[in-house]
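Structure assessment
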Amino acid sequence: MESSPISSINSLDVTNLSFSYQGWAGEDPPSLFENLTFSIPEGGKALLLAPFDSGKSTLGRILVGGIPKYFPGTLEGAIKVMGHDLADIEIWDLLDVVTLVSQNPQEQFVASTVEEEVAFALESLGLPQKEMRRRVEDALTSWGINELRQASNSELSGGERKRVLLAAAEALDAPFWILDEAFDDLDLRWREHLARFIQTTDKTILLFSSRYLAQFDRLFDHVFLLEHKQVCRVDTEQAAGEFAILSGDVKPNPLAGRSFEHLHRHTLSVSDLVVERQRFSASQAQRFHLQVPTFRLHSGEIVSLVGPNGSGKSSLSRVLCGLDEPLEGARMIDDEVLDGSMLNRSVGYLFQNPDLQIFLPTVKEELSYSLRRVKGLSDEEISKRVAECADLFELKLSHTPSTMSYPKRKALQAAVYYLLDRPFYILDELDTALTYHSALAIIGHLQRNGAGILIITHDRQFITRVGGRVYQIEEGRVSER
Amino acid sequence: MTMNTYLSNTGWLYRFDPRAKILLLVLLLGWLFLPITLTGLGCMLLVILFVALSNPGPRFVLSTFTSILPMIIFMVLFAPFNVRSGTGLITIRSFVLLTEEGALQALRLAIRFISITYLATLLFATTPMPEILLALQWYRLPYNASLIITLAFTYVPFIADGFARIEESHRLREAGMHVERKRIGKIRSLIPTLTSSLVLALRSIPTLALSLELRGYGRANKRTRYHDLSSYRRTFTDFLISGMVPVISFLVFKA
């Protein structure tokens, strides 16, 4: 373990930090961190790479005082943020000191509109109205969300939500930013925008990531690996290689050399589909139509769908799996037009946010839920399938989903669909917060019986690893690239 | 974690001063429980529906009605049987099943319920939440109380939205074509959906509390206001209308 050289003023000093969550029902959970020590000098740009389920988001919350205050656990050690000892300061007094942008942007929204969200913290600072208006305008413009200022949180896409949080951070102008997987959900344009911001700003940046993205090259002067409950500093030039080994990304691609020639082939297709999306609370950009002249997904193949934030990727997915009806056009499997309820049972849709799809008290109950509704399956058979599935996805049957890490919850979400064995799957930003290898492994599991898979992602490296055809959305139209 | 209840549009109610709008809401809510003729109640409901149609629009009217429809059906089916005296409308041998008074009472209750629902939802659909907060504070409601009220009215739709998403998730998790789909099974499936919504709501409490503190809620300094109500330039007229409408309609329709 190695810490950064002692500078006169550090934005962050973490000394001998150990933490474990409070156990439930007599369970004694393992610690997440043990004697973790590192520091970041003022103005430093630090990247903390960590495989999924290693406690990045927990560390982020600890560094802003949110843990153990709101999420009980045992915390030891000392943390100083911009010279303030966290033990002696309230969270609200850190407002103009440190900003946290959460991995799951939805959980951070407290106001009813985009504009109000950006302004809320400025009101807390007690800034004059004129100054607030200037900062809000600048931030909304900077992050390209001016026309969404009256939109509600629920009307935004994942990438738009993330940009709102980044705009709120920019308006607040705190000297230290903690960005938890901030590049996730952003499309290429906004990833490059964020990278430029990190490069040019005089603020201290600590970015948590579970993948080494192309945008990270030469962006950071400190790179840390979170490994075996501790943080160690690595050479910036070798960070990508070392992390690839740590996260398993150097392992053979689980999807390589797969062939499903022997399978009975099905095709999910659409003809002249028009998908509508409305934002009821926004005065501008109230609705848009997405045209899908043609789209085909065959059994055994993996197809990617790319497009800017808010271009309608999730709206199209909802129509393809039958949750929403299209404005025009038809959805077919093997050229037979299907209605919503038939599509519900043929196309598995893994939402961007796993929390909306897992809700039972234990992993075991979650995995058993659908199997128990299948006629003719004995309890022994259900238990056997559930246990095998849990092993495959590295899940513990007794664990409580609501206390599991975000990537583990994503793995559980995928495991639920694995047991359903659908002929088609739509994976909405599955790669968010997962390492490449773990995301590819999940795809491999879901495709075991030759399912056709549509992947929605913003990550070009991920698309390269997945392979296959690519559809793109440009100016409200889907076409094959 | 919160959701907007505001529906963007340009009707006259959107330009009505929120302070006067709150006064009008309170007075009309009281008006509905005054001794008013059934005709008067019916007329008031028609006016409210007309205002709703000409402001947020037909989609709002329909969605609000759909959301309260089960309650209205329940009310119309069971309320008449609470009134046993009066002229019999439906009798089975010597047993009076439904009286005229009972039917009128049910109608009165239903009109009141529908009117109250539309009045309350119209306020939130036509007024941005920050302006409601400012208006409440203008009535000397402390900031914390105003914030809690406005948060509640944005948090509840968030939970409702969560319920809808969980329901969708259950639909997608139906096991297959050979699944058991008896009516009792469908009713039973509501239990995990409701449980899940509750879990979602409970789980979001510490996260929402943390998010509020991260946004500076709790600081000792005085909060300033990003919004103000200075764009409403007919405050006196709006207050006058808010006072006159309930009074005149009471004088016209009092029983």
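What counts and how
Residues numbered from 1 in each chain as written. Chains lettered and ligands numbered in written order. Predicted model: local features only at pLDDT ≥ 70, side-chain atom pairs only at ≥ 80, totals over all residues. Helix = DSSP H or I, 4+ residues; strand = E, 2+ residues; numbered from the N terminus. Rg over C-alpha atoms; globule rule 2.2 N^0.38 Å. Buried ≥ 20, exposed ≤ 12 C-beta atoms within 10 Å, placed from the backbone. Core = buried A, V, L, I, M, F, W, Y, C linked by C-beta atoms within 7 Å. Contact = placed C-beta atoms within 7 Å. Pairing = 2+ DSSP bridges. Axes fitted to C-alpha atoms, helices over the stretch in contact; angles between N-to-C directions. Parallel < 35°, antiparallel > 145°, perpendicular 65-115°, else oblique. Left-handed = near helix turned anticlockwise from the far one by under 90°. Nonpolar A, V, L, I, M, F, W, Y, C, P; charged D, E, K, R; others polar. Domains from an automatic or database assignment.

This paragraph deals with the overall build of chain B. Each helix and strand in chain B was counted, giving eight helices and two strands. Going from the N terminus to the C terminus, chain B shows its helices and strands as α-α-α-β-β-α-α-α-α-α. Here the C-alpha radius of gyration of chain B, 23 Å, is well above what a compact globule of 255 residues would show, namely 18 Å. Across its three principal axes, chain B shows a C-alpha extent of roughly 75 × 65 × 30 Å. Counting the 255 residues in chain B, one finds 31% classified as buried.

Residue and element names in this part refer to chain A. In terms of nonpolar packing, the biggest core is built from 85 residues, with L48, L49, V118, L122, A167 and A168 touching the most fellow members. With eight residues, helix α4 (residues 158-172) is the single largest residue contributor to this core. Apart from residues lying up to four places away in sequence, A168 is in contact with E117, V118 and A121. Counting 68 residues, the second largest nonpolar core, distinct from the first, contains F351, A414, I426 and Y471.

Right, let's talk about the sheet that holds strand β8 (residues 204-209) of chain A for a bit. Residues and elements named next belong to chain A. Taking strand neighbours across the sheet as the criterion, the six strands line up as β6-β7-β8-β3-β9-β10 in an open arrangement whose pairing is mixed. Among the strands making up the open sheet, the edge pair consists of β6 (98-101) and β10 (230-234). For this sheet, the mean inter-axis angle between neighbouring strands, taken without regard to orientation, is 20°. Of the strands in this sheet, β3 (45-49), β6, β7 (176-180), β8 and β9 (222-227) touch helix α1 (residues 56-63), which is tilted by about 155° from β7.

Residues and elements named next belong to chain B. Contact pair helix α2 (residues 38-54) / helix α4 (residues 100-126): the axes reach a minimum separation of 10 Å and the direction vectors enclose 30°. Taken together, the axes of α2 and α4 lie roughly parallel to each other. Crossing geometry of α2 relative to α4 is assigned as left-handed. Residues L38, L41, G42, M44, L45, I48, L49, V51 and A52 of α2 form the contact with α4, whose own contacting residues are L104, L107, R108, I111, R112, I114, S115, Y118, L119 and L122. Classifying every residue of the contact of α2 with α4 by side-chain character gives 15 nonpolar, two polar and two charged.

Okay, unusual backbone geometry next. Note on backbone geometry: most residues besides glycine have negative phi, and most peptide bonds are trans. All names here are of chain A. Omega for the peptide link from I67 to P68 comes to 10°, which places this bond in the cis form. Structurally, P68 is set in the loop between α1 and β4 (73-81). Here H228, not a glycine, exhibits a phi torsion of approximately 50°, which is positive. Looking at where H228 falls in the secondary structure, it is placed in the loop between β9 and β10.

Bringing the environment of R234(B) into the picture now. Within the secondary structure, R234(B) is located in the loop between α7 (183-214) and α8 (235-253). The sequence separation of R234(B) and L7(B) amounts to 227 residues, and the corresponding C-alpha distance is 22 Å.

Let us now look at the sheet that holds strand β1 (residues 10-21) of chain A. Read from one edge of the open sheet, four strands run β2-β1-β4-β5 (chain A), paired in antiparallel fashion. In the strand order of this sheet, the two ends are held by β2 (33-41) and β5 (84-85) of chain A, each with one partner.

So, about the domain arrangement of chain B. Partitioning chain B into domains gives domain 1 (1-128 + 231-255) and domain 2 (145-226). The distance between the C-alpha centroids of domain 1 of chain B and domain 2 of chain B comes to 28 Å.

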